[in-house]
Amino acid sequence: MEKYSVVFATDENYIQHLSVALISLLINNDDCKFDIYIICNGMSEENFAKLQSIGNKYKATLSQIVVSDEVFDALVTNHHFTKAMYYRLMIPNFIQEDKVLYLDADIVVTGSVKNLFSIDLDGKYIAAVLNPGFQRHQELKMNFDAKYFNSGVMLINNKLWKSDDLAKNIIEFINLKSNIVQFPDQDGLNAIINGNWIILPFKFNQQAVIFEKDFKEKYNCFSDDELNEARENPVIIHYTGSSKPWHFRNNHPYKHLYRKYLKMTPFKRYIPEDLTVINVIKWMIPKSIKEFIKSIIR
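Residues numbered from 1 in each chain as written. Predicted model: local features only at pLDDT ≥ 70, side-chain atom pairs only at ≥ 80, totals over all residues. Heavy atoms only, no water.

(A) Seen up close, the overall build of the protein chain. The secondary structure content of the protein chain amounts to 11 helices and 10 strands. Out of the 298 residues belonging to the protein chain, those deemed buried represent 50%. Of the roughly 15000 Å² that the protein chain leaves accessible, carbon and sulfur atoms contribute 50%. (Helix = DSSP H or I, 4+ residues; strand = E, 2+ residues; numbered from the N terminus. Buried < 20%, exposed > 50% of the residue type's maximum accessible area, 1.4 Å probe, protein only. Areas by Shrake-Rupley, 256 points an atom, 1.4 Å probe, with all protein chains shown as cover.)

Rendered as structure tokens:
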């Protein structure tokens, strides 16, 4: 049986969510063997043992790759975007395989990813999914016909990435444009790759924006069939945005899948930090009453 290489990049704060992503990947791809690489700034032996217990159960090999945060000291970060988002840039420095699948830790896999590895990346840096609503080509010095991708799911051409020193060029760009980047690593990746990538169907990186009421009219970048497939039969659910399924007040339509796989991990007894009396009361108030209160305030 062929082995496939999958890479996650995270810090200690996301270990629980990584365990959910990991177990969902392995359960829904039990006909595959995986080499799983976790790039991080170091995690406790206890946490790595918990992840290994998941890998061992499903016959996956787990390796921890420790990087120093000091390399990224000069780069843009904030409360939502930490230095961990830059770890993925270093993948070809540590992993020798020609082709690897990178996954963010805030995802749930619901189907087979095997076919992704058969994609021919010859001459292309990555295969990824469009990020809807991008109109900042001039700002990022991109060609106007270049598409902008979401960096949470990427099939990476390791060989080309390394030979063209993509990481160095991206870091230089982010340093130079630190005043205008909105999604630092993602903006940097798109600016340097500049359209030289393969578009994957939306179902391989279903982003939370897809559930906005006026999504189709607002963005109009997917066919009805592709949009329906991504909504109804996603392969990878990416919980984008600041509200996450491990938050009590999150209302993502697929929040239940995060909870489902969480119960299969060593972190199953997790209690949301925002599970407070006030938030419970807010949650219990019917939507009609909330709208009525808002109308009075307005």
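Further notes follow.
(B) Here's a closer look at unusual backbone geometry. Positive phi outside glycine occurs at D165, with the angle close to 50°. You can see D165 is positioned in the loop between α4 (158-163) and α5 (166-176). One non-glycine residue, N194, adopts positive backbone phi at about 50°. Positionally, N194 belongs in the loop between α6 (184-193) and β8 (197-199). The class of N194 is partly exposed, set by a relative accessible area of 23%.

(C) Structural context of the packing of helix α1 (residues 15-27) against helix α9 (residues 255-262). Where α1 contacts α9, the axes come no closer than 9 Å and their chain directions differ by 90°. Taken together, the axes of α1 and α9 lie roughly perpendicular to each other. On α9, the residues touching Q16, H17, V20, I23, S24 and I27 of α1 are Y258, Y261 and L262. A per-class count over the contact of α1 with α9 returns 6 nonpolar, 3 polar and no charged. (Axes fitted to C-alpha atoms, helices over the stretch in contact; angles between N-to-C directions. Parallel < 35°, antiparallel > 145°, perpendicular 65-115°, else oblique. Contact = heavy atoms within 4.5 Å. Nonpolar A, V, L, I, M, F, W, Y, C, P; charged D, E, K, R; others polar.)

(D) Geometry of the pattern of salt bridges. Evaluation of the coordinates by the stated rule reveals 12 salt bridges. Between D31 and K114 there is a salt bridge whose closest N-O contact spans 3.1 Å. Remark: K114 occurs in the loop between β5 (107-109) and β6 (126-130) and D31 occurs in the loop between α1 and β2 (33-40); sequence separation between them is 83 residues. Classification of D31 as partly exposed rests on a relative accessible area of 38%. Residue classification places K114 among the partly exposed residues on the basis of a relative accessible area of 30%. Note that E212 is salt-bridged to K218, the shortest N-O span being 3.8 Å. Linked by salt bridges that have partners in common, R88, D104 and D185 make up one network. (Salt bridge = Lys/Arg side-chain N within 4 Å of Asp/Glu carboxyl O.)

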